[in-house]
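Observations on chain architecture
Now for the letters of each chain:
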Amino acid sequence: MNTRTILEGCTQALVPVVPEDQPLSISSASVFYNSQMELNRDISVAAIAAYSELIASRKQLALSNVTYVDALSASGIRGLRIAKEVGINVTLNDWSEEAYDLIKKNAELNQLTEKVRICLGNANVLLHKERYNIVDIDPFGSPTTYLDAACNSAINMLAVTATDTAPLCGAHLNSGIRKYDAVPLNVEYHSEMGVRILLGRIARDLARHEKAMNPLFCHATRHYVRAYLEVNKSAKNTDKCLKNIGFIAHCTKCSGRSVHYGLAVSIPEKCEICGNKASIAGPLWLGPLHYKDFCDSILVQLNKKEFGKKEHSVKLVELCKNELDVPTFYDQHLLSKKLGISAIPMEELLKELVTSGFEASRTHFSGTSFKTNAGLEGILDTLRRFR
Ligand SMILES: C[S@@+](CC[C@H](N)C(=O)[O-])C[C@H]1O[C@@H](n2cnc3c(N)ncnc32)[C@H](O)[C@@H]1O
Ligand SMILES: [Zn+2]
């Protein structure tokens, strides 16, 4: 294998050489490495550092006793960064022998040979056998085939990446239904739809293990979704957690939506605003996507350490932190077009919504979109004032 050396954070790694003009060959390279995921890994280092400090102080453990597994390691860059830049007890695993050999070389390159455990085997076998404080699943495509084992293994935190955004967001509907046991809708808030379909599936997977989840930080960035979920073993908390599962009824004609909590729930067939037939998405997660205090802890870590994508990471975490906790967002361009008015600066629109007595915020999901509790009619009244 032809390799080159890369540096992320303060960790070096040998990774396969992929012709730059053939990005698609990344996934067929003998060992996988995607430089575009550096932002994902930078935020992972900061989020896992923040959460590890929390576990260590709660359980009165040394940081080096907090356990973490990168169950699908490839070059090992993710787990090795956690070992070097966070200093917790790291296990790296991959079932490819080439990946296993490369992880060993990369551990040596960073003087981590004595500090990390490297395994060659099926992630699902490992995760059914062993428990870790933090379980990280970063697959190519959908994480669903690893979720049962990951939910079994995670004691305190589950971190999951999904790169199959087309099935998650409803663009490949049948594939989404097969993988996520849910119906996603390809609507203007499809990126948020993807996050909520994934979280709904994970909450139900955890529930089988009598584990509840509390999303600490979740984002959709270009071609992937990433979620950091606090996990808690308790039948009572699991029952409470499942109350956040439900459905969204969406009207493709007027863009109105309504949310319906529960698994066995009656959903009006018609749009409550215009009477058009509503489309139904779900079951999905309707609860919060971020915990503000945890976003602050990530920001502290991002400002403390060296990161290649620091500026972008800080901006993203701040946007998420300030996002209003409501289950969908509205696209200003789409609504303005419907009203025949031109788009206005986002700050002005948010100010006007707040002046009218509503809550409103930007969203990390899209620069032209906003979140509000105004409801469609409240939003349209507000927009009309800019005519
Ligand atoms: C997307 S790559 C991991 C990328 C890595 N986490 C990173 O941040 O660069 C997915 C890896 O999972 C491995 N893999 C796929 N299925 C597996 C399984 N069932 N058990 C163990 N490894 C598996 C593949 O060999 C591949 O190296
Ligand atoms: Zn309608």
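Remember, it's a predicted structure, so these values are computed and weren't measured experimentally.

Reading the values: rules and limits
Residues numbered from 1 in each chain as written. Chains lettered and ligands numbered in written order. Predicted model: local features only at pLDDT ≥ 70, side-chain atom pairs only at ≥ 80, totals over all residues. Helix = DSSP H or I, 4+ residues; strand = E, 2+ residues; numbered from the N terminus. Rg over C-alpha atoms; globule rule 2.2 N^0.38 Å. Buried ≥ 20, exposed ≤ 12 C-beta atoms within 10 Å, placed from the backbone. Contact = placed C-beta atoms within 7 Å. Axes fitted to C-alpha atoms, helices over the stretch in contact; angles between N-to-C directions. Parallel < 35°, antiparallel > 145°, perpendicular 65-115°, else oblique. Left-handed = near helix turned anticlockwise from the far one by under 90°. Nonpolar A, V, L, I, M, F, W, Y, C, P; charged D, E, K, R; others polar. Pairing = 2+ DSSP bridges. Right-handed = clockwise from strand over helix to strand, strands pointing away. Near = placed C-beta within 6 Å. Core = buried A, V, L, I, M, F, W, Y, C linked by C-beta atoms within 7 Å. Domains from an automatic or database assignment.

Notes on the overall build of the protein
The secondary structure content of the protein amounts to 14 helices and 15 strands. What you see for the protein is a C-alpha radius of gyration of 22 Å, in line with the 21 Å of a compact globule of 387 residues. Oriented by its inertia axes, the alpha-carbon framework of the protein measures out at about 65 × 45 × 40 Å. Within the protein, the proportion of its 387 residues that are buried is 50%. Considering only contacts in the protein between residues 6 or more positions apart, those separated by 24 or more positions represent 60%.

A short note on the packing of helix α5 (residues 144-153) against helix α8 (residues 190-208)
It is the contact of α5 with α8, at a shortest axis distance of 9 Å, that shows an interaxial angle of 40°. In terms of their interaxial angle, α5 and α8 are classed as oblique. Considering how the two elements wind past one another, α5 and α8 form a crossing that is right-handed. Here Thr-144, Leu-147, Asp-148 and Cys-151 of α5 lie close against α8, whose contacting residues are Arg-201, Ile-202, Asp-205 and Leu-206. A class-by-class count of the residues in the contact of α5 with α8 yields four nonpolar, one polar and three charged.

Quick word on the pairing of strand β5 (residues 116-120)
Pairing analysis gives five bridges linking strand β4 (residues 89-94) to β5, with the strands arranged parallel. Bridge pairing in β5 places Asn-93 opposite Cys-119. Crossover handedness for the path β4 to helix α3 (residues 97-109) to β5: right-handed.

Here's the deal with the site of ligand 1
Taken together, the neighbourhood of ligand 1 is formed by 22 residues, with Leu-72, Ala-74, Trp-95, Ala-123 and Asp-138 sitting nearest. Broken down by class, the residue content of the shell around ligand 1 amounts to 11 nonpolar, six polar and five charged.

Digging into the nonpolar core
Grouped together as the largest cluster of nonpolar side chains are 114 residues, with contacts concentrated most on Val-135, Ala-150, Leu-158 and Ile-298. Ignoring anything within four residues of it in the chain, the contact list for Leu-158 reads Val-135, Ala-150, Cys-151, Leu-229 and Val-231.

Observations regarding the sheet that holds strand β13 (residues 330-331)
The three strands lie next to each other as β13-β15-β14, forming an open sheet whose pairing is antiparallel. The sheet is open, and its two borders are formed by β13 and β14 (360-362), each paired with just one other strand. Bridging between β14 and strand β15 (residues 369-372) involves three bridges; their strand directions are antiparallel. The residue bridging Ser-361 from the neighbouring strand is Lys-371, located in β15. Sitting on the sheet, helix α13 (residues 346-355) touches β14 and β15, and the angle it makes with β14 is about 160°.

Examining the domain arrangement of the protein
Along its sequence, the protein is organised into domain 1 (3-243 + 285-321) and domain 2 (330-384). Each of domain 1 and domain 2 has a C-alpha centre, and the two are 33 Å apart. On the side of domain 2, six residues touch domain 1, which itself brings nine residues to the contact. With three residues, the top contributor of residues to the side of domain 1 that touches domain 2 is helix α11 (residues 310-321). Its residues placed into classes, the side of domain 1 that touches domain 2 shows five nonpolar, two polar and two charged.

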